[in-house]
Amino acid sequence: MKKKILNVLNEYIDGEIVLEKPKDINFGHFATPVAFSLAKKLRKSPVIIAKELCEKLLKEDIFSSVEAVKGYINFKLENEFLDKFATWSLQNENDFAKGSNNKKILLEYVSANPTGPLHIGHARGAILGDSLCKIARHLGYEVTSEYYVNDAGNQIYLLGLSVFLNAQDNFFDMDIDWPDEYYRGSYINDLACEARDNFGVDIFTDNTNVKLLSDWAKDKMLELIKSNLKECGIEFDSFVSEKKLYEKWDEVFDRLKRNGAIYEKDGKWWLNSTKYNDEKDRVVVREDKRATYLAGDIIYHDDKFKREYDEYINIWGADHHGYIERVRAAIKFLGYDENKLEVILSQMVSLLKAGEPYKMSKRAGNFILMSDVLEDIGSDALRFVFLSKKSDTHLEFDVDMFKANDSSNPIYYINYAHARINQLFEKSNKKLKDILNVKLDNLNSDAENLLFYSLLLPEVIEDAFKQRALQKLTEYLKILASFIHRFYNEYRIIATEEEDKYLKILSTSALSIRVGLKLIGIQAKYKM
RNA sequence: GUCCCAAUAGCUCAGCAGGAUAGAGCACUUGAUUCCUAAUCAAGAGGUCGUGAGUUCGAAUCUCGCUUGGGACACCA
């Protein structure tokens, strides 16, 4: 819709035109403050410019009204135009709000260490990533979703050791000298029991078995993570193993050396990342020849860029923000365009329940499990709450809010709007095909506004994706639901003269809700 | 000390490529069911947009300072 209008406007106005949403939908469907910016160039008052433009634009038949108010120009679209779009959309649900972008995107998210179950902070990144992926695909992008598995470092050994020591403590009642950074939490207990059932209790008598336990536990944890994600409807296209990537380390290392990216000092190899904005150089190979975590990420990004995508998006936890520059530097050193990499940081989450805040810490075992919250409020509610806030700000919410079955629970409210429309069809015994070709004319302003707003979804998702601001979509759905409820209360629909028209309009509303929800991984309800 | 994110209604937050009277939900007050789910709706009240300056026709939005809060600053991953 927007595009059509801009095309028309461009015939009259040179330069960039900003189309915005009027403060009040009764002013018009779209508005532009373009007269203000033209005022200087034309040396005329904005009010006069707006008036003059108005007169010219009135001739265009896609507008039913064009008004100049205090320098703004407000447009209303012709019913016929909206009607055509509505009919098409209802006939082509699967293509509704689709885009024609064709870039290839590699989207990496979650990538949590396979050393324990996912906690609520991971869930935020997971849900954001999955929803971005769904929306991007709808808009035509070719997206690969990827999980980078850190299965190579010391933390995996520590996982095995934690299981080993836990077993010695529990099964043999031994005095344990716990290392500082061991993993706690009941899942270690469970792992120890399972390992005992699997391998026999004797495995815990010989500490050369820690390595074997580590590998085994890591695989177990990866399975657990996958099932955590699945509870929320999230699946990945690919999992990349850090360990496997190390086979390519020698080659990458040589290339870095040739490109002058690394140098030897104090027996270690350093990445010269200060050359590209990092605050200091970083060690990539330690004195004992072991590579650091950064090395893994360098190989990984080399691997990513070799696969030739147009854009790379990483969703990282906010604690990684200092990490961005060094990875960018490495990408540049390897001869790639580092501007293709975009990092989205997802901030901390604090959960409230009856006003009690929880603190999270992966190591300490005092963290909130994603699966617990999912069990508490369900995947739909969790997805909705995470997406309704900007991802780069801290988020605090009370789980109790999403248990209520009334309008205080936004996901409930939206579903109810959708279900109501469906119920109308059941009561009226009409099918979509019966009302599809009803002409939408002579609509009152409430009906027209509802129709217009329902058809706005394509603009909303385009905008939400481009700005990586999915809260625009959830916000839209909330407002649309409120429009629907208001209309429902105000007008009787079944067995009135307007029945067919109203059913058609409400069908487009339901369509937008259904498609909008689907794009954030929620299945709209037909019955409450 | 350096860097990142924030500060908007009592609470949780939208709005921020500058634009019309600063919005929503919760909570609070009042009203609406002989009629499609009142699981809803309508109305009211509630704000010096942290603070000081600057940029200009115009600032919650941009720039700089300050205050307060959260986080990050490994040869851990």
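A quick note: this is a predicted structure, and the numbers were derived from the prediction, not measured. (Residues numbered from 1 in each chain as written. Chains lettered and ligands numbered in written order. Predicted model: local features only at pLDDT ≥ 70, side-chain atom pairs only at ≥ 80, totals over all residues. Heavy atoms only, no water.)

So, on to the overall build of chain A. The secondary structure content of chain A amounts to 19 helices and 14 strands. Taking the principal axes of its C-alpha atoms as reference, chain A extends roughly 85 × 55 × 40 Å. Counting over 528 residues, chain A shows a buried share of 52%. A separation of at least 24 residues holds for 72% of the contacts in chain A among residues at least 6 apart in sequence. Between the mean site of the 75 positive side-chain charges and the mean site of the 84 negative ones, chain A shows a separation of 4 Å. (Helix = DSSP H or I, 4+ residues; strand = E, 2+ residues; numbered from the N terminus. Buried < 20%, exposed > 50% of the residue type's maximum accessible area, 1.4 Å probe, protein only. Contact = heavy atoms within 4.5 Å. Lys, Arg positive; Asp, Glu negative; His and termini not counted. Charge placed at Lys NZ, Arg CZ, Asp CG, Glu CD.)

Here we take up the protein's contact with RNA strand B. The environment of RNA strand B is made up of 56 residues, and the closest members are Tyr-72, Lys-268, Arg-286, Tyr-412 and Tyr-416. Here, RNA strand B places atoms within 4 Å of the protein, and 64% of those atoms are sugar or phosphate. Measuring from a phosphate oxygen of RNA strand B, one finds a backbone N or O atom of Glu-396 at 2.9 Å. Contact distances for RNA strand B include 2.6 Å between a phosphate oxygen and a side-chain N or O atom of Lys-427. Taken together, the residues that form the surface near RNA strand B break down as 18 nonpolar, 17 polar and 21 charged. (Near = heavy atom within 4 Å. Polar contact = N/O pair within 3.5 Å; in protein donor to acceptor, adjacent residues only side chain to side chain. Nonpolar A, V, L, I, M, F, W, Y, C, P; charged D, E, K, R; others polar.)

Now for the packing of helix α6 (residues 154-172) against helix α8 (residues 210-231). Two elements in contact, α6 and α8, have axes whose closest approach is 7 Å; the angle formed by their N-to-C orientations is 105°. In terms of their interaxial angle, α6 and α8 are classed as roughly perpendicular. Two secondary-structure elements touch here, α6 through Ile-156, Tyr-157, Leu-159, Gly-160, Leu-161, Val-163 and Phe-164 and α8 through Val-210, Leu-213, Ser-214, Ala-217, Lys-218 and Met-221. Looking at the contact of α6 with α8 residue by residue, the classes come out as 10 nonpolar, 2 polar and 1 charged. (Axes fitted to C-alpha atoms, helices over the stretch in contact; angles between N-to-C directions. Parallel < 35°, antiparallel > 145°, perpendicular 65-115°, else oblique.)

Within the structure shown, the criterion is met by 31 aromatic pairs. Where Phe-63 meets Phe-75, the ring centres are 4.9 Å apart and the plane angle is 25°; that geometry is what we call stacked. Residue Phe-63 is located in strand β2 (residues 63-69), and its partner Phe-75 is located in strand β3 (residues 72-77); the two are separated by 12 residues in the primary sequence. Judged on exposure class, the residue Phe-63 and its partner Phe-75 are both buried. (Phe/Tyr/Trp six-rings, centres within 6.5 Å; stacked < 30°, edge-to-face > 60°.)

Bringing the nonpolar core into the picture now. Within soluble globular proteins, side chains that are nonpolar tend to cluster in buried spots. Counting 122 residues, the largest nonpolar core has Leu-77, Leu-229, Leu-382, Phe-386 and Phe-397 as the members making the most contacts within it. In this structure Leu-229 touches Val-110, Leu-118, Ala-126, Tyr-147, Ile-234, Phe-236 and Met-370, once residues within four positions along its chain are discounted. Among the nonpolar cores identified, the runner-up in size contains 33 residues, and Tyr-148, Ile-298, Trp-316 and Leu-341 belong to it. (Core = buried A, V, L, I, M, F, W, Y, C linked by side-chain atoms within 4.5 Å.)

Attention now goes to the sheet that holds strand β11 (residues 341-346). Sheet architecture is open: 5 strands sit in the order β6-β5-β4-β10-β11, paired in parallel fashion. In the strand order of this sheet, the two ends are held by β6 (238-241) and β11, each with one partner. In this sheet, adjacent strand axes meet at a mean angle of 25° when their direction is disregarded. Of the pairings in the sheet, the one linking strand β5 (residues 142-149) to β6 comprises 4 bridges and is parallel in character. (Pairing = 2+ DSSP bridges.)

All right, on to the state of the cysteines then. Across all of its chains, the model carries 0 disulfides by this definition. Not engaged in a disulfide, the cysteine Cys-133 finds its nearest cysteine sulfur in Cys-232; these two sulfurs lie 14 Å apart. We classify Cys-133 as buried; its relative accessible area is 3%. The class for Cys-232 is buried, based on a relative accessible area of 2%. (Disulfide = S-S within 2.5 Å.)

Glancing now at the packing of helix α13 (residues 370-387) against helix α14 (residues 410-428). Remark: α13 packs on α14, axes separated minimally by 9 Å, with the N-to-C direction vectors making an angle of 110°. Judged on the interaxial angle alone, α14 and α13 are roughly perpendicular. Taken together, the residues of α14 that come into contact with α13 (itself represented by Asp-380, Ala-381 and Phe-384) are Pro-410, Ile-411 and Ile-414.

Mean pLDDT over chain A works out to 90, with 97% of the residues at or above the 70 mark. Predicted complex metrics record ipTM = 0.94 and pTM = 0.93. (pLDDT = per-residue confidence, 0-100.)

Summarising the element assignment, Lys-403 is placed in the loop between β14 (395-398) and α14. The class for Lys-403 is partly exposed, based on a relative accessible area of 38%. Along the primary structure Lys-403 and Lys-211 are separated by 192 residues, whereas in three dimensions their C-alpha atoms are 44 Å apart. Beyond its immediate stretch of four places on either side in the chain, Lys-403 contacts Lys-353, Asp-376, Ile-377 and Asn-409. Only 3.4 Å separates the side chain of Lys-403 from the side chain of Asp-376, close enough to count as a polar contact.

Applying the stated criterion across every chain, the model contains 31 salt bridges. The closest approach of N and O atoms between Lys-332 and Glu-338, which form a salt bridge, is 3.5 Å. What makes Lys-332 partly exposed here is its relative accessible area of 33%. Since its relative accessible area comes to 13%, Glu-338 is described here as buried. The structure contains a network of salt bridges with shared partners spanning Glu-146, Lys-248, Asp-303 and Arg-307. (Salt bridge = Lys/Arg side-chain N within 4 Å of Asp/Glu carboxyl O.)

Next up on the list: the environment of Glu-80. Here Glu-80 shows up in helix α4 (residues 79-91). Judged by relative accessible area, Glu-80 falls into the exposed class, the value being 55%. In this structure the C-alpha to C-alpha distance between Glu-80 and Phe-63, which are 17 residues apart in sequence, comes to 9.8 Å.

When strand β7 (residues 262-265) meets strand β8 (residues 268-271), the two strands line up antiparallel, connected through 4 bridges. In the strand pairing of β8, Ile-262 is matched with Leu-271. Joining the antiparallel neighbours β7 and β8 is a turn of 2 residues, in which Asp-266 adopts a positive phi near 55°.

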